[in-house]
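Descriptive analysis of the structure
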Amino acid sequence: MAGEPQDDCLFCKIVAKEIPATVVRETETTLAFRDINPQAPTHVLVIPKAHYADAAALAAGDPAAAADVLREAGEVAAQEGADSYRIVFNTGAGAGQTVFHTHAHVLGGRGLQWPPG
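Scope of this entry: the structure provided in the associated data block. (Residues numbered from 1 in each chain as written. Predicted model: local features only at pLDDT ≥ 70, side-chain atom pairs only at ≥ 80, totals over all residues. Heavy atoms only, no water.)

A few words now on the side chain of His 43. Examined against the element boundaries, His 43 turns out to sit in strand 3 (residues 42-48). Here His 43 falls in the buried class, since its relative accessible area comes to 5%. Reaching out from His 43, the side chain makes a polar contact with the side chain of His 105 at a distance of 2.8 Å. The residues contacting His 43, other than those within four sequence positions of it, are Arg 34, Asp 35, Asn 37, Pro 38, His 105, Val 106 and Leu 107. (Helix = DSSP H or I, 4+ residues; strand = E, 2+ residues; numbered from the N terminus. Buried < 20%, exposed > 50% of the residue type's maximum accessible area, 1.4 Å probe, protein only. Polar contact = N/O pair within 3.5 Å; in protein donor to acceptor, adjacent residues only side chain to side chain. Contact = heavy atoms within 4.5 Å.)

Moving on, we get to the sheet that holds strand 3. Paired through their backbone hydrogen bonds, the strands of a sheet run either parallel or antiparallel. The antiparallel open sheet is built from five strands, whose spatial order is 1-2-3-5-4. Because the sheet does not close on itself, it has two edges, and the strands there are strand 1 (23-26) and strand 4 (85-88). In this sheet, adjacent strand axes meet at a mean angle of 20° when their direction is disregarded. Looking at chain direction, strand 4 and strand 5 (residues 104-108) are connected through four bridges and run antiparallel. Counted as the bridge partner of Val 88 is His 105 from strand 5. (Pairing = 2+ DSSP bridges. Axes fitted to C-alpha atoms, helices over the stretch in contact; angles between N-to-C directions.)

For the rest of this paragraph, the subject is unusual backbone geometry. Here the bond from Trp 114 into Pro 115 is cis, since omega is 0°, no more than 30 degrees from zero. Among the secondary structure elements, Pro 115 is positioned in the segment after strand 5. The phi angle at Lys 17 is positive, at roughly 65°, despite the residue not being glycine. Classification of Lys 17 by relative accessible area gives exposed; the value is 53%.

Taken by themselves, the reported measurements are silent on function.
Written as structure tokens, this is what we have:
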């Protein structure tokens, strides 16, 4: 069920502190932690604490939480000293989503090319 923790979700387990992560920011509704496979000097994931499978589900189910994730992504970039950065949401396996709990990748600290991938 959307919004409820899922027993088989890696990120829900991180939110519950059952699995460790290098947390860089936390609010009432979001958690931000370093990616274990960084693709840039700054590579932090910002997630809603509530479980939503992807960005579209989050936006439809809890628009305020979606805004919180985006706001925190900007705060993370500022905290990390990234003047230029990219916020990426992968939605679906074909787009590279491997954990099906909404997460924003905050990438910065190096030049980022376009198009990505």
